[in-house]
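The lines below spell out each chain.
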Amino acid sequence: MKYLVYSILFFSFISCHSKKEKSSMGMSIDSLSVLNIDITITENTLDNLDRYFDLDSIVVLSAQSLVGEIQRTLVADDRIFILDNLPKITCFDMQGNLVYEINTQGGGPEEFGTIVDFGLDEDTEILWLYDSLKRRLSAYDMKTGCYQYSISASYIAPTRIAIDKGSFFFHTPDHYNYATCPEMHYSLFYSVTGKRIDGRYFPHDEIAEYMFGYGGGDPFYYNEGQILYIRDFGNVVYRLSAKGEIVPLYNISIPDPLPLELVKEKPNPMKLVKSQYSWLLSECYVCDNVLNFAFSKGGSYYWGLYDLKENRMIHVGKDQMETAFLIDMAFDGIYKESFFSVISSQVIVWKKEKFPDLIPDKLHLLSEEDNPVVVFYKVNAARKSKVDDNTARMQ
């Protein structure tokens, strides 16, 4: 999802780290085994998708609590958790019924100032959110949404967070908030408890000095038991672990990649948006040996699907709206060995007008004012090897 670069106002609140923290951690991917994936645009493979995936279920979210612009969606423990830009976190069950809201914005001790990001610790049944105004990590009961306690996070000002088995990862793409603290000039930080930094990765370079305020996506992707991570302007997909281990998995070579030398020149953001270069790799999820990803090219949002078992492309294109397949831009996550897609009611209305006979009946009553719909797809194992040969020939 899109995010904006944080205000320089944070600068006055950030201080350098205590000498008690562990030394910086570095790593090299050169000696590690990484799967190289070369991508080309297929476009004409879009019609194959309804043969490659089986529609598993559709969850129409109750309009009892209207959702704003979605920042992150997680599905766990038969619940759907949505962070929007209002900001609030809304929890629905798998029938679409409202379970609770975390919507207590204010100055009180159990209220939040704003929500930058959130994550789930299923082992302890805690929902964690990062509050950038109060500079803290706040814990809520996953089942009820009730506030539990908070941890000070005054030592860092991340743009995104991720939680893995009680450990924390913080994404800090630039160091404008810590100009005089070189130990903070890293893109990724790790904390065992959330109370201090225990590891740092990927030192900032000239790329980090480019404050690009358009798009960017979320660097963390939850993949049922593991978290994947992509650096800003990066093509390598890393796996993170609760022990602080960073393992590179995939090097995705998208077509006409953005030259990093151009980024170092700090061009006008719209120049990059309108260029024919490919960049902003995002939405990396792996389910049943199918890799889902997305990227930007020529001002358009491309959706990609790659068969990791057969080493071939399934689809790479930009015309998701030109099909009855229930997708908005790309798959948005994984739950119980299914991909899921969060689709706005506006997209549903458009698709049911264009493909009235192909859209499920339960969606025909939706209006543009309704909440999004969450659609779950499973990979059709029996049909994967029978996908149109055009895909294989275009590799």
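Residues numbered from 1 in each chain as written. Predicted model: local features only at pLDDT ≥ 70, side-chain atom pairs only at ≥ 80, totals over all residues. Heavy atoms only, no water.

What follows covers the overall build of the protein chain. Broken down by element type, the protein chain carries five helices and 25 strands. The buried share of the protein chain, taken over its 395 residues, is 55%. For the protein chain, the proportion of contacts with a sequence separation of at least 24, taken over those separated by at least 6, is 57%. Accessible surface computed for the protein chain: about 17,000 Å², of which carbon and sulfur atoms make up 49%. (Helix = DSSP H or I, 4+ residues; strand = E, 2+ residues; numbered from the N terminus. Buried < 20%, exposed > 50% of the residue type's maximum accessible area, 1.4 Å probe, protein only. Contact = heavy atoms within 4.5 Å. Areas by Shrake-Rupley, 256 points an atom, 1.4 Å probe, with all protein chains shown as cover.)

Relative to the assigned elements, Ser367 resides in the loop between α4 (345–354) and β25 (373–379). Each C-alpha atom of the pair Ser367 and Val349 lies 6.5 Å from the other, and the pair is 18 residues apart in sequence. If sequence neighbours within four positions are ignored, Ser367 has contacts with Ser345 and Val349.

On the basis of which strands lie adjacent, the open sheet formed by four strands has the order β7-β8-β9-β10 and antiparallel pairing. Pairing within the sheet leaves two strands with one partner each, and these edge strands are β7 (117–121) and β10 (147–152). Pairs of neighbouring strands in the sheet enclose a mean axial angle of 25°, with direction left out of account. Relative to strand β8 (residues 126–131), β7 runs antiparallel, the two being bridged by five bridges. Pairing of Gly119 across the sheet is with Trp128, part of β8. (Pairing = 2+ DSSP bridges. Axes fitted to C-alpha atoms, helices over the stretch in contact; angles between N-to-C directions.)

This part takes up the sheet that holds strand β20 (residues 290–297). Sheet architecture is open: four strands sit in the order β19-β20-β21-β22, paired in antiparallel fashion. With one partner strand each, in any of the chains shown, β19 (278–287) and β22 (312–317) form the two edges of the open sheet. The sheet shows a mean angle of 15° between the axes of neighbouring strands, direction not considered. With five bridges connecting them, strand β21 (residues 300–307) and β22 associate as antiparallel partners.

Two strands pair when backbone bridges link them, and strand β9 (residues 136–141) and β10 are joined in this way by five bridges, in the antiparallel orientation. Along β10, the bridge assignment pairs Leu137 with Ile151.

What follows concerns the pattern of salt bridges. Tallying each qualifying case throughout the model produces 13 salt bridges. Each of Arg72, Asp117, Arg160 and Asp218 takes part in one network of salt bridges that share partners. (Salt bridge = Lys/Arg side-chain N within 4 Å of Asp/Glu carboxyl O.)

Right, let's get into the packing of aromatic side chains. Scanning the model with the defined rule gives 26 aromatic pairs in all. Each ring, one from Tyr52 and one from Phe53, has its centre 5.5 Å from the other, and the planes form 50°; the classification is tilted. When sorted by exposure, Tyr52 lands in the same class as Phe53, which is buried. Clustering of aromatic rings is evident, with ring pairs tying together Tyr52, Phe53, Trp303, Phe325, Phe331, Phe339 and Tyr377. (Phe/Tyr/Trp six-rings, centres within 6.5 Å; stacked < 30°, edge-to-face > 60°.)

Attention now moves to the environment of Tyr186. Following the sequence through the fold, Tyr186 ends up in strand β13 (residues 186–191). Classification of Tyr186 as buried rests on a relative accessible area of 14%. Along the chain, Tyr186 and His175 lie 11 residues apart, while their C-alpha atoms are 7.6 Å from each other.

Of the consecutive residues Leu86 and Pro87, the connecting peptide bond is found in the cis state with omega at -5°. With respect to the element layout, Pro87 can be found in the loop between β4 (79–84) and β5 (88–93).

Let's shift gears to the nonpolar core. Ranked by internal contacts, the top residues of the largest apolar core, which has 52 residues, are Phe81, Phe118, Leu127, Leu137 and Leu188. Ranked by the residues each element gives to this core, the list is headed by β8, at five residues. Leaving out residues up to four positions away in the same chain, Leu127 has contacts with Phe81, Ile89, Tyr100, Ile102, Phe118, Gly119, Leu120, Ser138, Ala139, Tyr140 and Met142. (Core = buried A, V, L, I, M, F, W, Y, C linked by side-chain atoms within 4.5 Å.)

Okay, α4 next. Of the positions making up α4, those classed as buried are Ser345, Val347, Ile348, Val349, Lys351 and Lys352. Considering only its buried residues, α4 is in contact with β24 (338–343) and β25.

Before going further, it helps to spend a moment on the pairing of strand β14 (residues 199–203). Taken across its five residues, β14 has four buried, putting it largely inside the fold. Relative to β14, β13 runs antiparallel, the two sharing four bridges. Considered in β14, the bridge of Leu188 is made with Tyr201.

As for its position among the elements, Asp78 is in the loop between β3 (70–76) and β4. For the pair Asp78 and Tyr335, spaced 257 residues apart in the sequence, the C-alpha separation amounts to 9.0 Å. Not counting the four nearest positions on each side in its chain, Asp78 is found in contact with Phe92, Asp93, Met94, Tyr335 and Lys336. A polar contact is formed between the side chain of Asp78 and the side chain of Tyr335, at a distance of 2.7 Å. (Polar contact = N/O pair within 3.5 Å; in protein donor to acceptor, adjacent residues only side chain to side chain.)

In this section: the confidence of the model for the protein chain. Confidence in the prediction of the protein chain, expressed as mean pLDDT, is 88, and 87% of residues score 70 or more. Counted against residues more than four places away or in other chains, residues 17–31, with its pLDDT under 50, gives 29 contacts. The low-confidence segment residues 387–395 (pLDDT under 50) makes 19 contacts with residues lying over four places distant or belonging to another chain. (pLDDT = per-residue confidence, 0-100.)

Moving on to the side chain of Asp93. When you line up the elements, Asp93 lands in strand β5. One buried charge, Asp93, has no salt-bridge partner; the nearest side chain with opposite charge is Arg79, at 6.6 Å. At a separation of 2.9 Å, a polar atom in the side chain of Asp93 contacts the main-chain amide nitrogen of Gln95. One polar contact links the side chain of Asp93 to the main-chain amide nitrogen of Asn97, over a distance of 2.9 Å. Beyond its immediate sequence surroundings of up to four residues, Asp93 is in contact with Val59, Asp78, Arg79, Ile80 and Val99. (Lys, Arg positive; Asp, Glu negative; His and termini not counted.)

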